[in-house]
Amino acid sequence: MKQPVERRLAAILAADVAGYSRLMGADEEGTHERLTAHFRELVDPKIKEHRGRTVKNTGDGLLAEFSSVVDAVRFAVHLQREMAQRNADVPTEGRIEFRIGINVGDVIVEERDIFGDGVNVAARLEALAEPGGICLSEDAFRQVRGKIEAEFADIGEQNLKNIARPLRVYRFGPSLAPEHPATPPTALPLPDKPSIAVLPFANMSGDPEQEYFADGIAEDIITALSRYPSLFVIARNSCFTYKSRAVDVKEVGRELGVRYVLEGSLRKSGNRIRVGTQLVEAETGRHVWAERYDRDLADIFALQDEITEAVTIALVPAIADAEQHRALRKPPGSLDAWATYQRGLWHLSKAGPEDNALAEKFFQRAIDLDPMFVGGYTGFPLP
């Protein structure tokens, strides 16, 4: 009786050594020894680590299968990056560099081999890859997009040998790396007093005419907060570079050198308008304060002034309270003058003899840290 054919869906990885015949011709024993060491020390352990299986070793390469395309691509990226480090001090003509092709498809399984169109495609993708590179089929790329810390370039539809139809291919490799990798921007130092950036308010109403109203509220809040000498407020031009962008408040904090970020949104329905605001601690992403304002849309300028005043009046105490709690979270040995002053204020607000004594100690410490800081002198409780 004919045995049924075993099939399964798998991620197929085919790899070979670029220029293997040339390397063997130049140094047969040395090439074999180095390639064997790479397989023993790197390739085989990493395949197991990524839950894969080596189907067969082809002498100058291998065929492997993985149950997950993500695992297969992660293995391939890790292998190529590790091989680049190993080759860093090796002359170009003596480097062992892998080319890798990955496809996902249905395969016929035998005891020591796998067959099928999916395997053939992986082998053709391997031949298309550059030394040190990886080529993915569109099916494979679709399943790993956004899940792998590597950039793949769409190189369009390719005609692969003995494959009936053109396939769209995605490539990763040395030629995609920038000539001079960009260094992350250095975070700006924080000022010695609470700092805040007011981002442009998002117009969520779908009415483009409300855009100017949303911008006007943000601008007026910046102006109002700037009148408080205890705050360091980022200028409108710097804040509005983030308009219409999806932003990470932690990134904003680093780029602008601020401790707090105010975000807001505006919605309009009929003759009603809703403005939502939230204050976020940039370093941690923690929400410090949030409020919602529902108003009738009558005199637009009066409404703008009313909301600006309401937000500002609520915001300044919220920042002061957040500063005190931030100071309390710091170990005493790491407090700067401002944080020490804030910790003193917190104890002073308790209005008890022991807390008053502690407040005096913190105010004195603030003076010792910065004799020019006025807060340390003004904070002492009255006798």
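Throughout what follows, the structure given in this document is the object of discussion. (Residues numbered from 1 in each chain as written. Predicted model: local features only at pLDDT ≥ 70, side-chain atom pairs only at ≥ 80, totals over all residues. Heavy atoms only, no water.)

**Here's the deal with the side chain of Ser137**
Within the secondary structure, Ser137 sits in strand E6 (residues 134-137). Its relative accessible area of 5% is what places Ser137 among the buried residues. Contact partners of Ser137, with chain neighbours within four places excluded, come to Ile102, Asn103, Val104, Leu125, Arg168 and Tyr170. (Helix = DSSP H or I, 4+ residues; strand = E, 2+ residues; numbered from the N terminus. Buried < 20%, exposed > 50% of the residue type's maximum accessible area, 1.4 Å probe, protein only. Contact = heavy atoms within 4.5 Å.)

**Considerations on helix H11 (residues 353-369)**
End to end, H11 covers 25 Å across 17 residues, agreeing with the expected 24 Å (1.5 Å per residue, within 8%). Of the residues making up H11, those classed as buried are Ala359, Phe362, Phe363, Ala366 and Ile367. Mapping the buried residues of H11 onto a view down its axis gives an arc of 145°, with all of them on the same face. In H11, the exposed positions that point more than 90 degrees away from the buried face belong to Pro353, Glu354, Lys361 and Asp368. (Expected span 1.5 Å × (residues − 1). Arc of directions from axis to C-beta.)

**What about helix H6 (residues 211-225)?**
In a regular helix each residue adds 1.5 Å, so 15 residues correspond to 21 Å; H6 covers 22 Å between its end C-alpha atoms and thus fits that length. Among all positions of H6, only Phe213, Ala214, Asp215, Gly216, Ile217, Ala218, Ile221, Ile222, Ala224 and Leu225 are buried.

**Remarks on the packing of aromatic side chains**
Under the defined criterion, the tally for this structure stands at five aromatic pairs. Each member of the aromatic cluster is reached from another via a ring pair, and the members are Phe141, Phe152, Tyr170 and Phe172. Here the guanidinium or amino end of Arg236 rests over the ring plane of Phe240, the centre of that ring lying 4.0 Å away. (Phe/Tyr/Trp six-rings, centres within 6.5 Å; stacked < 30°, edge-to-face > 60°. Lys NZ or Arg CZ within 6 Å of the ring centre and 35° of its normal.)

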